[in-house]
Amino acid sequence: MIHAGKHSERMQKDLQEFCETVVYRRFSRWPNVGNAEVTAFLTQELSRYRQNSRLLEVTVDNRLVGALAFRDLDWDTRHYGYSCISIDYLLYDHSLGDDETPAILNRLIDEFLDYCRANDISYVSCSADSGDAPINAVLQERGFRGILTWIDGFFTHHEKYADIGPQEQFGLIRPEEVEFFKRIAAKSYFKGGRFYLDRNFNRKRVDRMYASLVESSYDNGDIMLVYRINDCPAGLYIYKKITEYPELNGLRVAAGRFLVVDPNLRRKNIGHDLFVQTLLYFRDKCDLITTGLEVHNLPSMNLHVRLGFVFNHAHNVYHWWAGRGKRKSG
């Protein structure tokens, strides 16, 4: 018999045993990260969601075989004016047979969608490993709409730029430059992103979202690096604060968020030069620089390859909308 629900009183041991059965490829090819490190990371992550009552679980014969972890998207909810949440982990025991896995995943989705309807959730975002056929199939069958595919990569080859030095026109953002980049982000950010491709989103609100992200990143103290020409701002690359992963041998990771260049200055190699300078900036500050982009953003992908990034993980992005027939999209 399959049981699903929140089990915050359980010990962490069952999570560890479950995570040992999971295939999780986000950290594929990361240096010094093997199965033991991934298990430790997932165990810690799922434990945190369980403590916050944001973990749905399926057990068979008192053994954990499936888990769905989700979180409230408070910023998105405030910006768009309706309740938004994200499925951060959808995992199952990969030792199970092909006939058992769909039933487990469907039970998790049942419980999750019941939660969404009971709490007036309007929008859900979910990312699924592109190579995981059971998860992708169940999400599509249950009304999750495929939007695009992301590809993740990382950079470690700092020696590639050993002969290049920092430029005087490059540095951290100045307070007076925030408004300029808010305008640029609203008008000129990549229009092939998932919020633009999903027509359920109001495009003007999406434009304002990217402008707001510049401001919120500044207020949050994220790492905002600017390339200037004659002391005037030309391009901006925003990185999250450097994160240390204790379970992954203490790797220090700088994750790129997004890059914008003044459209009046394109085709002048500014994006390339800005990117190289960000790599130099992090050379002695972290062990890994990560990136993520849409697979159809070919100019960006080619630039990453040219700079020495290695791509290691592809994942499909799904959106669910409440109340629109089979697609639940209202």
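Everything discussed here concerns the structure shown above.
In short, a report on the structure. (Residues numbered from 1 in each chain as written. Predicted model: local features only at pLDDT ≥ 70, side-chain atom pairs only at ≥ 80, totals over all residues. Heavy atoms only, no water.)

A word on the overall build of the protein
- Summing up its helical and strand segments, the protein has 10 helices and 13 strands in all.
- The C-alpha atoms of the protein give a radius of gyration of 21 Å, which matches the 20 Å a tight globule of 330 residues would have.
- Reported as C-alpha extents along the three principal axes, the dimensions of the protein are approximately 70 × 45 × 30 Å.
- Counting every position in the protein, which comprises 330 residues, the buried fraction comes to 52%.
- Of all intrachain contacts in the protein linking residues separated by at least 6 positions in sequence, the fraction that spans at least 24 positions is 73%. (Helix = DSSP H or I, 4+ residues; strand = E, 2+ residues; numbered from the N terminus. Rg over C-alpha atoms; globule rule 2.2 N^0.38 Å. Buried < 20%, exposed > 50% of the residue type's maximum accessible area, 1.4 Å probe, protein only. Contact = heavy atoms within 4.5 Å.)

Side note on the pattern of salt bridges
- Summed over the entire model, instances satisfying the criterion amount to 19 salt bridges.
- A salt bridge links arginine 228 to glutamate 177, with the nearest nitrogen and oxygen atoms 2.6 Å apart. In this pair, arginine 228 is assigned in strand β8 (residues 223–229) and glutamate 177 in the loop between β7 (170–172) and α6 (178–188), connecting sequence segments 51 residues apart. Both residues of the pair, arginine 228 and glutamate 177, count as buried.
- In this structure, the salt-bridge partner of glutamate 215 is lysine 182, at a minimum N-O distance of 3.4 Å. A residue pair is termed long-range when its members are at least 10 positions apart, and glutamate 215 in helix α8 (residues 203–220) and lysine 182 in helix α6 qualify at 33 residues. (Salt bridge = Lys/Arg side-chain N within 4 Å of Asp/Glu carboxyl O.)

Let's talk about the state of the cysteines
- Within the structure shown, the criterion is met by 0 disulfides.
- Free of any disulfide, cysteine 116 has its nearest cysteine sulfur in cysteine 126, 11 Å distant. (Disulfide = S-S within 2.5 Å.)

Quick notes on the packing of aromatic side chains
- The final tally for this structure, using the stated rule, is 30 aromatic pairs.
- Aromatic side chains tryptophan 30 and tyrosine 245 sit 6.2 Å apart centroid to centroid with 80° between the ring planes, which places their arrangement in the edge-to-face category. Residue tryptophan 30 is located in the loop between α1 (12–19) and α2 (35–51), and its partner tyrosine 245 is located in strand β10 (residues 243–245); the two are separated by 215 residues in the primary sequence. Here tryptophan 30 and tyrosine 245 have matching classes, each one buried.
- Geometrically, the ring pair formed by tyrosine 49 and tyrosine 89 is edge-to-face, given 5.9 Å between the ring centres and 80° between the ring planes. On the criterion of sequence distance, the pair formed by tyrosine 49 in helix α2 and tyrosine 89 in strand β4 (residues 84–92) is long-range, its members being 40 residues apart. For the pair tyrosine 49 and tyrosine 89, a shared accessibility class is recorded, and that class is buried.
- Grouping aromatic residues by their ring pairs yields a cluster made of Phe155, Tyr161, Tyr237, Tyr239, Phe275, Tyr281, Phe282 and Phe309.
- Just above the ring of tyrosine 281 sits the side chain of lysine 285; from NZ or CZ to the centre is 4.2 Å. (Phe/Tyr/Trp six-rings, centres within 6.5 Å; stacked < 30°, edge-to-face > 60°. Lys NZ or Arg CZ within 6 Å of the ring centre and 35° of its normal.)

Without other data, these values stay purely geometric and don't point to any function.
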